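# Coordinate analysis (summary)
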Amino acid sequence: MSGKTKNDQELRREEELHYFEDAGINPYPYSFDKTHKNQVILEKFDDNNAELFADVAVAGRIMSIRRMGKASFFHIVDDTAKLQIYFKRDDLPDFYDNLKMLDIGDIIGVNGYVFRTRTGEISVHARNVVLLCKSLTNLPIVKEEIDENGNKIIYDAFSDKELRYRKRYIDLIVNSHVRETFIKRSKMISFIRRYFDDKGWMEVETPVLQPLYGGANARPFVTHHNALDIPLYLRIALELYLKRLIVGGFEGVYEISKNFRNEGIDRTHNPEFTMLEIYVAYKDYKWMMEMVEELISKLAIHINGSSSVEIEGKQISLASPFKRVKMFDLFKEYTGFDLQGKSREELLKIAGELRVPIDPQASSMKILDEIFGAKVEEHLIQPTFVIDYPIEMSPLAKKHREEKGLVERFELFVNGKELCNAFSELNDPRDQRNRLEEQARNKAAGDDEAMVVDEDFLEALEVGMPPTAGLGIGIDRLVMLLTGETSIRDVILFPTMRPEK
RNA sequence: GAUCUCGUAGCUCAGGAGGUAGAGCAUUUGACUUUUAAUCAAAGGGUCGUGGGUUCGAGUCCCGCCGAGAUCACCA
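## Focus on the protein's contact with RNA strand B
Neighbouring RNA strand B are 58 residues, the closest being Thr119, Glu162, His269, Arg477 and Arg489. Expressed as a percentage, the sugar and phosphate content of the atoms of RNA strand B within 4 Å of the protein is 59%. Between Glu121 and RNA strand B, the recorded distance is 2.6 Å, taken from a side-chain N or O atom to a base nitrogen. Within the contact set of RNA strand B, a base nitrogen lies 2.6 Å away from a backbone nitrogen or oxygen of Asn270. Taken together, the elements giving at least two residues each to the surface near RNA strand B come down to helix 1 (8-22), strand 1 (56-67), strand 2 (71-77), strand 3 (82-88), strand 6 (143-146), helix 3 (161-166) and helix 10 (364-376). A per-element tally of the surface near RNA strand B places helix 3 first, with 5 residues. Among the residues making up the surface near RNA strand B, the classes are represented as 15 nonpolar, 13 polar and 30 charged.

Written out as structure tokens, the structure reads:
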């Protein structure tokens, strides 16, 4: 127990705990043999097969109590559904009086038979009850009603976001849609794993603690290793180690794990977030686009039963294929300017005409990025592959096979937000060295998100990496898309919070 | 990091002409052996985020601090 002062309800629960102990009932027993999940009973029971449900054992947390004198109705919830339990005094001579010492939040196990009540609800008629865990704090009471149209009306929802995120275990208990969101998240990740594994690509684990960070433009977290007495960085991307593995001879590797970026927190950013990266040898970005289309459209159907999702009131179709548009064609379409091959000064002038505010020190890459963010992104509601980026924006991508000054890269945008980033991976070590050195110069000039030169990575490329297609997907944002959530904190179980004081 | 908004009982909220707090649910007691936002009757529960100021008097006005949300900046 915390040292917090207990309120009257918490004190009463302690008294009830002692009541059970004094009665020789262990309030924290060791196990309970369940025969059925609640959902199975609700789905499989019908009035003609009652004999199959004549002796069931169910268990779960008490969520509501209706005492009617010599009969009582509780709802218990397990990890599948809410189920009603009927207690009749005559059938529970030994335990019925103990029922009033049970509270919302306690966990019980019940043996009994399944039946349908007069009002039609499938329920378990209890023959035996065991207390499995006494709860010492009171939960928020959320009541639900199904109206005549079958819509669920929720009363007194537990909705304080701060409490919900800090006390996620309570959020999960009382808000069933929250539990569903995280079940979907888990299903999505296992679907992706299965999809990749079936193709013969291998899941790997690469260092989280890295002597040099790389693979993205971001500010890292720094920590210190005592025995080695060196700084170590928490990874900002998976890329450079996964490519080393392609050099090492694996032909398809992927990793799904946390990245850490020392930046602001908002509706779409959490300092630690889950990234998927995959690298497949002998493939290019065109192949990767087809893979992404298939993966995402199949995933949507697997998760939601439909390739169409509604988010922020917009209907979005994730059915394959997705639109593909060259980045500079999008600039033409939404700004009226052809920005390809323009000098920094020309871009600065155009940004001014478009009324896009730009830091006068900004590089041309930065200016393009700003204009894209301000003028183009918002139009990319339906899934759109934006392809062929300027070389300065993509230091790890391979030069375009036809167009000078561009690289073979795509980003997938959905609902105006970037979901994936991919390229034909740069495997010419000389070109890669030049580009990283350029990054290092930018860093020296004050760009604290620019990349650093990783000599070991360059040596790996000198050993030789086959042509390779690489892809990164922000899993949290993919979950947001498929669950309709608009805040990343609603798809991360324990989002980063400032500590309470 | 900036701006705006918010922080009242276990939960959801009301109060805001400054006069030391209200509702519903939850809890307690009683009635009720198929109820379901169960119902009916009665009762208990709050140093109104925190520290200071103005005032005879502050949940209410002012300032600092803590925490949160939204928008923006940066990014995925």
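## Overview of the confidence of the model for chain A
Segments scoring low in pLDDT should not have their predicted coordinates read at a detailed level. For chain A, per-residue confidence averages 92 on the pLDDT scale, and 99% of positions sit at 70 or higher. Per-element confidence in chain A ranges from a low mean pLDDT of 85 for strand 7 (residues 152-155) to a high of 98 for strand 8 (residues 202-203). Taken over the whole predicted complex, pTM reads 0.93, whereas the ipTM for its chain interfaces reads 0.90.

## Structural notes on the environment of Leu436
One can find Leu436 in helix 11 (residues 429-444). Overall, Leu436 belongs to the buried group, its relative accessible area being 2%. Sequence-wise, Leu436 and Arg179 are 257 residues apart; in three dimensions their C-alpha atoms are separated by 44 Å. Setting aside residues up to four positions removed in sequence, Leu436 forms contacts with Met451, Val452, Val453, Asp454, Phe457 and Leu458.

## Brief notes about the packing of aromatic side chains
Following the criterion strictly, the structure yields 17 aromatic pairs and no others. Ring centres of Phe191 and Tyr195 lie 6.4 Å apart, and the angle between their planes is 25 degrees; on these two criteria the pair is classed as stacked. Here Phe191 and its partner Tyr195 are both found in helix 5 (residues 176-198), 4 residues apart, which amounts to about one turn of the helix. Their ring planes at 70 degrees and their centres at 4.9 Å tell us that Phe196 and Tyr254 sit as a pair that is edge-to-face. Of this pair, Phe196 sits in helix 5 while Tyr254 is found in strand 12 (residues 252-260), placing the two residues 58 residues apart along the sequence. The pair Phe196 / Tyr254 is uniform in exposure class, with both members buried.

Cut-off values and rules
- Along each chain, residue indices are assigned from 1 in the same order as the chain's sequence is written.
- Chains and ligands are labelled sequentially in the order written, the chains with letters from A and the ligands with numbers from 1.
- Confidence filtering applies because this is a predicted model: local features only for residues at pLDDT of at least 70, side-chain atom pairs given and counted only at 80 or more, and all residues used for totals across whole chains, interfaces and linings.
- Hydrogens and water molecules were not included; the side-chain quantities draw on all heavy atoms of the structure.
- Whether a residue is near a molecule or strand is decided by its heavy atoms; if any one of them lies within 4 Å of it, the residue is near.
- Pairing of N or O atoms within 3.5 Å defines a polar contact, subject to two protein rules: one partner must be a possible hydrogen donor and the other a possible acceptor, and residues neighboring in sequence count only if both atoms are side-chain atoms.
- Note on conventions: DSSP H or I runs of at least 4 residues are helices, E runs of at least 2 residues are strands, and numbering of each starts at the N terminus.
- In this classification, Asp, Glu, Lys and Arg are treated as charged, Ala, Val, Leu, Ile, Met, Phe, Trp, Tyr, Cys and Pro as nonpolar, and every other residue, Gly included, as polar.
- Scored between 0 and 100, pLDDT is the confidence that the predictor attaches to each residue.
- Each residue gets one of three labels from its accessible area relative to the maximum for its type: buried under 20%, exposed over 50%, partly exposed in between, using a 1.4 Å probe on protein chains only.
- Any two residues having at least one pair of non-hydrogen atoms within 4.5 Å are treated as being in contact.
- Under the pairing criterion, centres of Phe, Tyr and Trp rings, with the six-membered ring standing for Trp, must be within 6.5 Å; the plane angle then separates stacked pairs below 30 degrees from edge-to-face pairs above 60, leaving the rest tilted.

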